[in-house]
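# Results of the structural survey
Here are the chains, one letter per residue:
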Amino acid sequence: MASLETSIPVDVGAQFGPYELVRRLGVGGTAETFEAIRRGPGGFTQRVCLKVALPFYRDDETFMRLFEREARLAAKLRHRNIVGVIDFGEFGGRSYIALELIDGIDLRTLLDTHEGNRLDAELVVLIGLDLAAALVHAHSPPPGSGFEGLIHRDISPSNILISRQGEVMLSDFGVAKDTAELRRKSSEAKGKFPYMSPEQLRAEPVDGRSDLFAVGVVLFEALAGIRPYEGPNDPATIMQILNGDHAELAEWAPDAPAKLCEVVERLIDPDPEKRLQNAADLIEELAELAPSPRVHKRLGTLVEERMHADRTSAREISSTVGKDAPAATTPSDPVPTDRTGASEPPPAPTKTSGRRRAPLVMLGLLVAGAAAMLLWRSSPPTDTVTEVATPVESEAGTEAAPAPTSATAADPVPAADAAPEADPATAPRPPRQKAVPPKPAHLDVIVIPWGDVWINGKRWGPAPMMNETLKPGRYRISAGQGGPSQTRTIRLKPGERKTLDFDLTK
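These notes cover the structure that comes with them. These figures come from a predicted structure and were not determined experimentally.

## With respect to the overall build of the protein
If you tally the helices and strands in the protein, you get twelve helices and 19 strands. Expressed as a percentage of the 506 residues in the protein, the buried residues total 52%. Long-range pairs, those at least 24 residues apart, make up 65% of the contacts in the protein with a sequence separation of at least 6. With the model as given, the accessible surface of the protein reaches about 24200 Å², and the carbon-plus-sulfur share is 55%.

Now the structure itself:
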């Protein structure tokens with residue numbers, strides 16, 4: 001039997017307690033996930049996503065208590081739009097959670113690979129209705145459930161799974177809180193910054209309206225292709241959320257129904273009292289826009305097409321890595337139902353990709369953000385927009401605009417018969433040209449046997465990193481276990497997709 005002690009690739013058929021391991025789905029900062037089979041009498045079999053805590057945390061009592069708490073809370077939820085917990089236990093000193101295995105992809109993958117990084121209004125309404133149904137159950141469970149309700153606190157596209165049948169399911173209740181517990185004390189800020197409500201950022205008590213805020217951000221992003229609150233850095237994003245400074249959805253999604261835009265705008269209002277007050281209200285508001293049942297099939301078809309396209313990509317990647325490399329998690333695999341330890345990278349101003357998990361919001365961070373916003377507001381207005389470059393060396397790939405010229409003594413004197421110069425006060429102004437951003441590039445990073453990825457010295461998250469969207473430019477990509485141990489420098493061109501593999505065993 002293959003050992004799991006160092007998270008090396010396992011042999012097909014290896015036993016882990018009552019489960020037969022089929023293959024590894026992914027490795028995060030605190031746990032790894034496997035497709036596994038539980039067998040029983042009479043030929044009974046059940047395929048699950050087995051989430052196993054990494055050996056490093058075996059003696060960490062605090063972590064193991066939180067790991068058990070996650071299983072205990074999530075196991076109380078039973079709903080068609082929520083990924084279910086099947087089992088919890090310990091084997092060989094390592095705790096595990098068995099979760100429902102979803103044959104599909106997450107919403108982040110679908111958006112990142114769909115044209116314009118957006119979906120049409122019918123699909124977005126369907127996603128909104130299914131998420132609202134999941135939250136009705138989580139926030140207000142039926143009598144006899146044994147708890148008052150759960151606040152998810154980490155709703156984002158990477159935690160929304162979509163099956164081949166077009167089923168939309170909410171996953172990863174790793175930072176969820178019991179409603180009764182939230183009433184007794186304030187809520188620490190955990191989640192991903194662009195999706196966190198103002199009250200969550202301020203570490204204030206939260207309720208179901210905080211989850212509805214995150215749903216609103218997700219629906220806005222799915223309609224417009226950008227997040228409503230998107231600063232060049234974390235402090236700027238935080239200040240935008242706290243102040244409610246965001247792009248108007250109707251401008252970014254002109255084809256979306258006015259009613260849908262109105263509902264989404266209410267969901268992302270910084271004042272909880274101005275939002276929809278519960279998930280049942282969201283269902284009521286979207287009811288008149290509800291699509292036909294055929295839209296589920298259309299959504300499932302998009303998922304199937306994405307998975308089929310990535311099967312070829314996965315084969316190409318595996319051929320460059322070698323036979324001994326662990327299978328990379330791609331959309332063609334059944335989706336692991338938890339992404340513990342994944343972190344969302346700082347998004348580019350015009351792109352919405354990544355997996356950053358937020359730390360506690362410190363007072364110094366907010367003060368720095370406020371100071372940055374004050375300096376920005378006090379600067380004189382200009383006609384150009386300055387974009388913060390994320391690559392080491394920006395490579396926009398677009399032609400620079402000609403520099404403006406001014407008349408000087410060295411300028412030639414116009415001829416006498418030259419056409420008279422038009423009066424600037426009456427001459428029509430040419431229309432302003434809107435800058436076209438360069439086409440983004442994409443990067444895959446595979447680490448053998450496992451490890452984390454750093455980009456330009458900043459930890460990006462656990463490997464494998466698939467189809468990460470970056471601005472064109474030059475980057476330092478590092479990999480390691482606990483810290484960077486191997487580094488390569490690459491240059492990404494507009495529209496290019498590259499794959500890097502790091503073998504940490506050498």
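## Some details on the nonpolar core
Core analysis: the largest hydrophobic core is formed by 80 residues, its most contacted members being Leu107 and Leu282. If near-sequence neighbours (up to four positions away) are discounted, Leu282 is found in contact with Gly128, Ala132, Leu212, Val215, Val263, Leu267 and Leu276. If you look at the next biggest cluster of nonpolar residues, it comprises 18 residues, including Leu443, Val453, Ala463 and Ile477.

## Brief notes about the side chain of Glu35
Summarising the element assignment, Glu35 is placed in strand E3 (residues 31-40). In terms of polar contacts, Glu35 uses its side chain to reach the side chain of Arg47, at 2.5 Å.

## Details of the environment of Asp255
Here Asp255 shows up in the loop between helix H8 (249-252) and helix H9 (258-267). On a C-alpha basis, the gap between Asp255 and Ala121 in space is 8.0 Å, while along the polypeptide they are 134 residues apart.

## Overview of the sheet that holds strand E16 (residues 465-470)
Whenever strands of a sheet pair, they do so through backbone hydrogen bonds, lying parallel or antiparallel. On the basis of which strands lie adjacent, the open sheet formed by three strands has the order E16-E13-E19 and mixed pairing. Of all the strands in the sheet, just E16 and strand E19 (497-503) have a single pairing partner and so form its edges. Neighbour-to-neighbour, the strand axes of the sheet open up by a mean angle of 25°, direction not taken into account. Bridging between strand E13 (residues 441-448) and E16 involves four bridges; their strand directions are antiparallel.

## A closer look at the side chain of Arg275
For Arg275, the location among the structural elements is in the loop between H9 and helix H10 (279-286). Residue classification places Arg275 among the buried residues on the basis of a relative accessible area of 1%. Within the structure, Arg275 has its side chain in polar contact with the side chain of Glu199 (distance 2.8 Å). When sequence neighbours within four positions are dropped, the list of residues in contact with Arg275 reads Ser197, Pro198, Glu199, Arg209, Ser210, Phe213, Arg266, Leu267, Asp269 and Pro270.

## Observations concerning the environment of Gln277
Within the fold, Gln277 resides in the loop between H9 and H10. The class of Gln277 is partly exposed, set by a relative accessible area of 34%. In this structure the C-alpha to C-alpha distance between Gln277 and Ser210, which are 67 residues apart in sequence, comes to 9.8 Å. Those residues in contact with Gln277, other than ones at most four positions away along the chain, are Arg209, Leu212 and Pro272.

## A word on the packing of aromatic side chains
The tally for this structure, following the rule as stated, stands at six aromatic pairs. Here Arg488 stacks its cationic end above the ring of Phe502, 4.6 Å away from the centre of that ring.

## Quick notes on the pattern of salt bridges
One pass over the structure, following the stated rule, counts 22 salt bridges. The salt bridge involving Arg227 is made with Glu221; its shortest N-O contact spans 3.9 Å. Overall, Glu221 belongs to the buried group, its relative accessible area being 0%. Between Glu285 and Lys259 there is a salt bridge whose closest N-O contact spans 2.6 Å. Highlighted residues: Glu285 in helix H10 and Lys259 in helix H9, separated in sequence by 26 residues. A relative accessible area of 21% means that Glu285 is categorised as partly exposed. Take Lys259: its relative accessible area is 22%, and that puts it in the partly exposed class. In the salt-bridge network here, residues are joined through shared partners; they are Arg108, Asp112, Glu221, Arg227 and Glu230.

What counts, and where the lines are drawn
The residue count restarts for each chain, going from 1 along the sequence in the order it is written. Note on the predicted model: pLDDT of at least 70 is required for a residue's local features to be given, and 80 or more for side-chain atom pairs to be given and counted; whole-chain, interface and lining totals, by contrast, use all residues. Processing note: side-chain calculations cover all non-hydrogen atoms of the structure and skip hydrogens and water entirely. Secondary structure counts use DSSP, requiring at least four H or I residues in a row for a helix and at least two E residues in a row for a strand, with both numbered from the N terminus. Exposure is judged per residue with a 1.4 Å probe applied to protein chains only, and the accessible area is read against the type maximum: over 50% gives exposed, under 20% gives buried, and values in between give partly exposed. Should any heavy atoms of two residues lie within 4.5 Å, those residues are counted as being in contact. Residue burial considers only the protein chains on display, and all accessible areas are found by Shrake-Rupley using a 1.4 Å probe. Joining through side-chain atoms within 4.5 Å is the link that ties buried Ala, Val, Leu, Ile, Met, Phe, Trp, Tyr and Cys residues into a set, and such a set is a nonpolar core. Counting of polar contacts relies on pairs of N or O atoms within 3.5 Å, with two restrictions inside protein: one atom must be capable of donating a hydrogen and the other of accepting it, and residues adjacent in sequence are counted only when both atoms are side-chain atoms. The criterion for strand pairing is that DSSP finds at least two bridges linking the strands in question. Where helices are involved, their axes are fitted lines through C-alpha atoms of the stretch in contact, as for all axes, and angles between N-to-C directions lie from 0 to 180°. Pairing of aromatic rings covers Phe, Tyr and Trp, the last counted by its six-membered ring, and requires centre-to-centre distances within 6.5 Å; plane angles under 30 degrees mean stacked, over 60 mean edge-to-face, and any other angle means tilted. Two thresholds decide whether a charge sits over a ring: the Lys NZ or Arg CZ must be within 6 Å of the ring centre and within 35 degrees of the ring normal. Only one rule defines a salt bridge in this text: a Lys or Arg side-chain nitrogen within 4 Å of an Asp or Glu carboxyl oxygen.

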